[in-house]
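A closer look at the structure
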Amino acid sequence: MVEVAIVECDGYEGIKKRAEEAIKLAGGLKASEKVLIKPNAGSPSSPSKAANTNPYLVAAIVEIIRDHAESVVVGERDGIACSASKCLKKSGIEDAVLRSGAEIRLLDDDPQIDVKIDGKRLKSVKLPKTVVECDTFINIPKLKTNSFSLLTLGIKNLMGLIGREDRARFHRTDLPQLLVDLSRVVRPDLTIIDGVHAMEGQGPVYGNVIDLGLLIAGKDVVATDAVASYVTGVSPEEVDTTRIAAWEGIGTCNMDDIKIIGSEIEAVKKSIKRPLSTLSGMYPNVDVYMGGACKGCYDPLMIIFEGLKLRGELDEMGDIKVIIGKDAPLPDSFGDKTLVIGDCAKEHMDKGLFIKGCPPILDLFKIRLS
Ligand code: SF4
């Protein structure tokens, strides 16, 4: 039996005690020389948005671990849309970590080491020296929905250890397999999922914040992810990374093989609102002409539209046409706001603003619609 701990928390006040309990129930941590803590800090947003791991939790884990370690580093890499430096500042993580006595490390500044992987798709990856050389790796993802991957949990949080260009390449339909391949060489010693304030709906950036009130911790990242799915009303196998990792023997996602320590799992279950994962028919003024397009194109575009909608800017833009994918049907006329997205649609690049790439995620986050 694999053990996963569930600890209830009212909020982030007094989180250190709850985190201590979660770590103890999950089997504790050995004394260590070099500890790397990896939060989810991929969004330049405040803690109230629940898009990143909460800074109080990150600081609490630093305080718990620092007496048992020679060095404690909290690391993050640049995201697709935002530098690690900006995300760590805006999320409040940098301040909290520095106050708690650990070091913040921008992992893109590290020497990058070529690591071989015996994965199904991934045969090698460049990883920061800090990641390769740490002897304890603590993974603290945020529990949130994700229009691309349904949920963002422990395995998905490993994405933050790879470089921006590789990360962009990963955002195609084989993303879950690539992440599982990555998890073969970066195996967390402990995963503590921040589900105190979680995100539902159109995550990973613009979803709704919900009080789930849970820390979920375990040494088997697959089982920990499985429990986090289960408590949110999502079958563990529905999350691609969890299912594939279990198939490949990296961990277990069978709830019958997981022993819950701490709170009773059925008592803390709370179904969350799932993200919609389509672009067609999402926004009344966005007319989508979609051929055989994949998520690599329409998911990042949807995130951009979600941001515009939340800021009240999308409605004011008037009619927008989007041509996306191979063999897309075409509108009768093209207005001044036509977007042609991704290399599959490049034969129509003269019809509007063409965003190149496959996936076009890096260039998409550079555009400003006006
Ligand atoms: S260009 Fe085509 S294959 Fe590439 S991400 Fe877009 S739709 Fe998918």
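Predicted model only: the values in this text are computed from it and were never measured.

Before going further, it helps to examine the overall build of the chain. Each helix and strand in the chain was counted, giving 13 helices and 16 strands. Taking 370 residues into account, the globule formula puts the C-alpha radius of gyration at 21 Å, and the chain, at 20 Å, falls close to it. Counting only C-alpha atoms, the chain reaches 65 × 45 × 40 Å along its principal axes. For the chain, the proportion of its 370 residues judged to be buried stands at 54%. Of the contacts made within the chain by residues no fewer than 6 positions apart, 69% connect residues no fewer than 24 positions apart.

Further remarks concern helix α10 (residues 240-247). Burial analysis of α10 places six of its eight residues in the buried class, the great majority of the element. Buried residues of α10: D240, T241, T242, I244, A245 and A246, and no others. Those residues of α10 that are buried are in contact with α6 (154-157), α8 (175-183) and α9 (221-231).

This part takes up α8. The buried fraction of α8 amounts to eight of the nine residues, a majority that puts the element mostly inside the structure. The set of residues buried in α8 consists of L175, P176, L178, L179, V180, D181, L182 and S183. On its buried side, α8 packs onto β6 (124-128), α6, α7 (164-170), α9 and α10.

Judged by pairing direction, the sheet is parallel, and its four strands sit side by side in the order β13-β14-β15-β16 without closing on themselves. On the outer flanks of this sheet lie β13 (286-290) and β16 (353-355), each paired with one strand and no other. Each neighbouring strand pair of the sheet contributes to a mean axis angle of 20°, computed without reference to strand direction. Relative to strand β15 (residues 338-341), strand β14 (residues 320-324) runs parallel, the two being bridged by four bridges. Counted as the bridge partner of V322 is L339 from β15. Seen against the sheet, helix α12 (residues 295-310) touches β13, β14 and β15 and runs at an angle of roughly 160° to β14.

It is worth spelling out the domain arrangement of the chain at this point. With domains assigned, the chain is organised as domain 1 (2-268) and domain 2 (286-364). Averaged C-alpha coordinates put domain 1 and domain 2 at centres separated by 31 Å. Taken together, the contact pairs ten residues of domain 1 with twelve residues of domain 2. Classifying every residue of the side of domain 1 that touches domain 2 gives five nonpolar, four polar and one charged.

Turning to the nonpolar core, a few remarks are in order. By size, the foremost hydrophobic cluster in this structure holds 122 residues, and its most contacted members are V58, I61, L215, V227, V322 and I324. The biggest single contributor to this core is helix α2 (residues 55-65), with nine residues. Domain assignment of the residues forming this core places at least three in each of domain 1 (2-268) and domain 2 (286-364). In this view, I61 contacts A19, I37, I138, I140 and I192; residues no more than four positions away in its chain are not counted.

It is at 8 Å that the axes of α2 and helix α4 (residues 93-100) come closest, and there the two elements cross at 25°. Compared by their axis directions, α2 and α4 come out roughly parallel. Crossing geometry of α2 relative to α4 is assigned as right-handed. Here P55, Y56, V58, A59, V62 and E63 of α2 come into contact with α4, specifically with I93, A96, V97, R99 and S100.

Another point: the packing of helix α1 (residues 15-25) against α2. Running from N to C, α1 and α2 point in directions that differ by 60°, and their axes come no closer than 9 Å. The angle between the axes of α1 and α2 places the two elements in the oblique class. The chirality of how α1 crosses α2 is right-handed. Contacts from I15, K16, A19, E20 and I23 of α1 reach α2 at Y56, L57, A60, I61, E63 and I64. Residues belonging to the contact of α1 with α2 are distributed by class as follows: eight nonpolar, no polar and three charged.

A separate point is unusual backbone geometry. In this chain, G203 is followed by P204 through a cis amide linkage whose omega measures 15°. With respect to the helices, strands and loops of the structure, P204 is situated in the loop between β10 (190-200) and β11 (208-218). Residue P359 follows C358 across a cis peptide bond; omega there is 0°. The residue P359 is located in the loop between β16 and α13 (361-364) in this model. In this structure, L150 is a non-glycine residue whose phi angle is positive, near 75°. On the secondary structure map, L150 appears in strand β9 (residues 150-152). Positive phi outside glycine occurs at D327, with the angle close to 55°. Take D327: it is sitting in the loop between β14 and β15. Accessibility expressed as a C-beta count within 10 Å gives 11 for D327, which makes it exposed.

Scoring rules and cut-offs
- Residues numbered from 1 in each chain as written.
- Predicted model: local features only at pLDDT ≥ 70, side-chain atom pairs only at ≥ 80, totals over all residues.
- Helix = DSSP H or I, 4+ residues; strand = E, 2+ residues; numbered from the N terminus.
- Rg over C-alpha atoms; globule rule 2.2 N^0.38 Å.
- Buried ≥ 20, exposed ≤ 12 C-beta atoms within 10 Å, placed from the backbone.
- Contact = placed C-beta atoms within 7 Å.
- Pairing = 2+ DSSP bridges.
- Axes fitted to C-alpha atoms, helices over the stretch in contact; angles between N-to-C directions.
- Domains from an automatic or database assignment.
- Nonpolar A, V, L, I, M, F, W, Y, C, P; charged D, E, K, R; others polar.
- Core = buried A, V, L, I, M, F, W, Y, C linked by C-beta atoms within 7 Å.
- Parallel < 35°, antiparallel > 145°, perpendicular 65-115°, else oblique.
- Left-handed = near helix turned anticlockwise from the far one by under 90°.

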